[in-house]
Amino acid sequence: MKPPTVTHDLYELDQDWNDEQRAVMLQIRKFVDQEILPTINEEHNNEVLRKDLIPKIGQLGILEMLAEGSLDPVTYGIVCRELERGSSALRSIVSVQGSLVIGCIRDFASAEQKATWLTKLGTMEAIGCFGLTEPDFGSNPAGMITRAEKTSSGFVLNGSKCWITNGTQAHVAIVWAKLDGVVKGFLVPTNTPGFTAQSIKGKWSFRTSDTGMLFLSNVEVPESALMPGAKSLGAAIKTLNNARYGICWGVAGAARGCFEEARQYVIDRVQFDGKPLASHQLIQNKLAWMAAEITNMELMSKRLGELKAAGRVKPYQVSLAKMNNCRKAIEVARVCRELMGANGIHSEYHIGRRMVDLETVLTYEGTEHIHSLIVGENLTGIPAYS
Amino acid sequence: MKIAVLMKRVPDTASVLKITPDNKSVDMANLKFVMSPYDEHAIEEALKIREAGKATEVIVFTVGPEGSQETIRTALAMGADRAVFVKEDPSRFNSKGIAEMLAAAVKTEGPELVFAGKQAVDDDASQVPERVAELLDLPHASIVTKFELNGRAATVEREIEGGSYTVEVPLPALFTMQKGINTPRYPTLPNIMKAKKKEIKEFSLADLGLDAAKLVSGLEVSGMSLPRANRLNKILDGDSTERVKKLLTILREEEKVL
């Protein structure tokens, strides 16, 4: 019998990284193995939000580099993949802080706004959240109800936002609101009078993540709260596309984590005449299918990273990978859970948690349907959603 | 003041080890390597002293084959300033030879403090740092759980069976660090990127004026084996009288040792 290869990575993608990328990969993997995996299933079961993780994530320096704009897209992708091998909720903290908040401020904020927030957000001394989705407007953000009205000294904001990651922990919220019918982006410190946030409890998924509702009731902000570059919904969409790029990599990590666990399980578990589960054809067929899908997810992500580094990435390219990778990741997780029989539903293993967390990732930042329509429009020239 | 830290790369403790066909060494092919965990504590302690403004430089020393650069970069990414790398396959030597190489390399820098992990987690020999101290004629204290600089001396707590004792050691001196002395930091991403630009000075045995033939000791490995797998642990239940009876039955009837 041949010894099994060390990973699913039959195409040796991980051998292509340069020395720094490889060091980053191993470092984040170690962080996840030491800080996340030992306790996260219990935290998930008890719906515990680990506040001590925030400074530890800050100390990794990922967000500092994003705030400086010094992290190249592929290395950032590797970071997302390794974080989400631990937990989709963990990767989401970094995606929201890094892509949605820091990314948005870098792209659209004034020099003064950047000076106020970027350094603090980079160390995670300040936490940010991104308020776009509303209770009645998810896939159709253009319908948002949240309004900004001009006053003599600035603006007054009214409305509510829903499903906001980091919502109750945030020090600053990026709030998207219509000013004279046009969507604009505002930077709102969460201690502004009239701003409240409430945690959404009772989730089946993302139980270790802070998901909140934001309520804005006559929130008065100065003129300087408006981000000068965030002049339309397009700015929010552009920001989301950067975050979606990280998701494409991240879910490949979640799938990898499931695969590593299930593969070891079927090699170790003996059934029927003293043979390992892995010796059966049906099991090997599933492993081969999953190795192909994970390789595919990583190749798509890597290619997106190359396009992004070259400044050529287009929204429909990101949509293609977001659509594909999230769906395939959850399918891989479900196959892994099935391979493990009853053990697959127990919190002694990580697969069940990864699987239910992927339910969130499957629909957030654009559902599979919406992304397929963006791809479809580019394949046909015909928009199917308006 | 310079601090030298002796560092060793070891197979990741999570790796599955194989013994070479001659049963005399571990098969190093396809293994993932990491820094020996006690050495992480040594580096952390050195960095803390430098950050407190009491040292100017932290220099990492290692003996290893080509490929050790990755582990050296980890030490540099933690914050060490530079590294001295004796590029030599350590499997040709044992503790005596390695210690002579490290001592010769450390001598080129003349540090006031030499730190190391209390032992490497691969062979667990606990030999090299003490031998280096001897070769450099430095006083040393091992298994240190608390370190404090005290002018031209260091006051340290050493772990001993069931307690600790405190010693004062005049500098220059060598210390080996025990778990618990500190929490080693994670290299940050910016520091991982910066580590690329830090200096790794390479030495061969000839550069250090050493002769491989003279570094070999009389110690020879006669055999190596993996721990027995599939131990059949059995936990006996019942009160203590019942458990003793069951144990005696097993010893008499199953194991037949009584």
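Anything mentioned here points back to the structure above.
Read on for an overview of the structure. (Residues numbered from 1 in each chain as written. Chains lettered and ligands numbered in written order. Predicted model: local features only at pLDDT ≥ 70, side-chain atom pairs only at ≥ 80, totals over all residues. Heavy atoms only, no water.)

1. Observations regarding the overall build of chain A
What counts is decided by this rule: We count a stretch as a helix when DSSP gives it H or I for four or more residues in a row; a strand needs E for two or more, and each element gets its number in order from the N terminus. Two things to know: the radius of gyration comes from C-alpha atoms, and the globule rule equals 2.2 Å times the number of residues to the power 0.38. Here the term buried applies to any residue with accessible area under 20% of the maximum for its type, exposed to any over 50%, and partly exposed to those in between, with areas from a 1.4 Å probe on protein chains only. By definition in these notes, contact holds between two residues if any of their heavy atoms fall within 4.5 Å. Residue-level accessible areas treat just the shown protein chains as cover; the underlying method is Shrake-Rupley with a 1.4 Å probe. In this tally Asp and Glu are treated as negative and Lys and Arg as positive; neither His nor the chain ends contributes. Just so you know, the charge point we use is NZ for Lys, CZ for Arg, CG for Asp and CD for Glu.
Looking only at helices and strands, one finds 12 helices and 9 strands in chain A. Taken over C-alpha atoms, the radius of gyration comes to 21 Å for chain A, in line with the 21 Å a tight globule of 386 residues would show. Here chain A holds 386 residues, and the buried ones make up 55% of them. Taking all contacts inside chain A whose residues are at least 6 apart in sequence as the whole, residues at least 24 apart take part in 77%. Surface summary for chain A: the accessible area is close to 16500 Å², and the carbon and sulfur share equals 54%. Here chain A holds 41 positive side-chain charges and 42 negative ones, and the gap between their average locations is 3 Å.

2. What about the overall build of chain B?
Looking only at helices and strands, one finds 7 helices and 11 strands in chain B. With the C-alpha coordinates of chain B rotated into their principal frame, the extents come out at 65 × 45 × 40 Å. A total of 258 residues make up chain B; the buried ones form 44% of that total. Long-range contacts, defined here as pairs at least 24 residues apart, represent 70% of the contacts in chain B between residues at least 6 apart. For chain B, the exposed surface amounts to about 14000 Å²; the carbon and sulfur share of it is 51%.

3. Side note on the packing of aromatic side chains
We apply this condition: Ring pairs shown here join Phe, Tyr and Trp side chains whose ring centres sit within 6.5 Å, with only the six-membered ring taken for Trp; geometry is labelled stacked below 30 degrees between planes, edge-to-face above 60, and tilted in between. Only lysine NZ and arginine CZ atoms are considered, and such an atom sits over a ring when it is within 6 Å of the ring centre and within 35 degrees of the ring normal.
In total, this model carries 9 aromatic pairs over all chains according to the counting rule given. Aromatic side chains Trp 17 of chain A and Trp 249 of chain A sit 6.1 Å apart centroid to centroid with 55 degrees between the ring planes, which places their arrangement in the tilted category. Remark: Trp 249 of chain A occurs in helix α8 (residues 233–268) and Trp 17 of chain A occurs in the segment before α1 (19–36); sequence separation between them is 232 residues. When sorted by exposure, Trp 17 of chain A lands in the same class as Trp 249 of chain A, which is buried. A ring pair is formed by Tyr 265 of chain A and Tyr 349 of chain A, whose centres lie 5.8 Å apart and whose planes are at 90 degrees; its orientation type is edge-to-face. One end of the pair, Tyr 265 of chain A, is in helix α8; the other, Tyr 349 of chain A, is in the loop between α10 (315–339) and α11 (351–363), and 84 residues separate them in sequence. When sorted by exposure, Tyr 265 of chain A lands in the same class as Tyr 349 of chain A, which is buried. Ring pairing ties together the aromatic residues Phe 115, Phe 147 and Phe 175 of chain B, which thus form one cluster. In this structure, Lys 120 of chain A is placed above the aromatic ring of Trp 117 of chain A, and the distance from its NZ or CZ to the ring centre is 5.8 Å.

4. Thoughts on the environment of Ile 174 of chain A
Residue and element names in this part refer to chain A. Assignment of secondary structure puts Ile 174 in strand β4 (residues 172–179). Put simply, Ile 174 and Pro 189 are 15 residues apart on the chain and 8.8 Å apart in space, counted from C-alpha to C-alpha. Those residues in contact with Ile 174 that lie beyond four places of it in its chain are Leu 100, Val 101, Cys 104, Ile 105, Cys 129, Phe 130, Gly 131, Phe 186, Leu 187 and Met 227.

5. Here we look at the pattern of salt bridges
For clarity, the threshold we go by: Whenever Lys or Arg places a side-chain nitrogen within 4 Å of a carboxyl oxygen from Asp or Glu, that contact is recorded as a salt bridge.
Per the stated rule, a full pass over the model turns up 48 salt bridges over all chains. We note a salt bridge from Arg 50 of chain A to Glu 43 of chain A, for which the minimum N-O separation is 3.7 Å. Judged on exposure class, the residue Arg 50 of chain A and its partner Glu 43 of chain A are both buried. With its nearest N and O atoms 2.8 Å apart, the salt bridge here joins Glu 44 of chain B to Arg 185 of chain B. Taken together, the residues Glu 44 of chain B in helix α1 (residues 37–51) and Arg 185 of chain B in the loop between β10 (173–177) and α5 (189–195) connect sequence positions 141 residues apart. On the basis of relative accessibility, which here comes to 6%, the residue Glu 44 of chain B falls in the buried class. Take Arg 185 of chain B: its relative accessible area is 25%, and that puts it in the partly exposed class. One network of salt bridges, with partners in common, ties together Asp 14, Arg 29, Arg 81, Glu 82, Arg 256 and Glu 298 of chain A.

6. Considerations on the packing of helix α6 (residues 88–108) of chain A against helix α7 (residues 111–123) of chain A
Residue and element names in this part refer to chain A. Our working rule: Structural elements are reduced to axes, namely lines fitted to C-alpha atoms, with helices fitted over the stretch in contact, and the angle between N-to-C directions of any two is expressed from 0 to 180 degrees. Each angle is binned into one of four classes, with values under 35 degrees roughly parallel, values over 145 roughly antiparallel, values of 65 to 115 roughly perpendicular, and all other values oblique. Handedness of a crossing follows from how the near helix is turned relative to the far one, being left-handed for an anticlockwise turn of less than a right angle and right-handed for a clockwise one. The classification used treats Ala, Val, Leu, Ile, Met, Phe, Trp, Tyr, Cys and Pro as nonpolar, Asp, Glu, Lys and Arg as charged, and all other residues, Gly among them, as polar.
At their nearest, the axes of α6 and α7 sit 10 Å apart, and the two run at 155 degrees to each other. Relative to α7, α6 is oriented roughly antiparallel. Handedness of the α6/α7 crossing: left-handed. Along its contact with α6, which presents Gln 97, Val 101, Ile 102, Ile 105 and Arg 106, the element α7 presents Lys 114, Trp 117, Leu 118, Leu 121 and Gly 122. For the contact of α6 with α7, the residue count by class is 6 nonpolar, 2 polar and 2 charged.

7. Topic: the nonpolar core
One broad trend across soluble globular proteins is that nonpolar side chains are buried collectively. Put simply, the test is: The definition of a nonpolar core used throughout is a set of buried Ala, Val, Leu, Ile, Met, Phe, Trp, Tyr and Cys residues joined through side-chain atoms within 4.5 Å.
Within the largest apolar cluster, 104 residues are counted, with the highest numbers of intra-cluster contacts made by Ile 62 and Trp 176 of chain A together with Phe 115, Phe 147 and Phe 175 of chain B. Beyond its immediate chain neighbours, meaning those up to four positions away, Phe 147 of chain B contacts Glu 45, Ile 49, Leu 113, Phe 115, Ala 154, Thr 155, Val 156, Phe 175, Met 177 and Ile 181 of chain B. Counting residues in hydrophobic clusters, the runner-up holds 36 residues, among them Ala 89, Ile 247, Ile 294 and Cys 336 of chain A.

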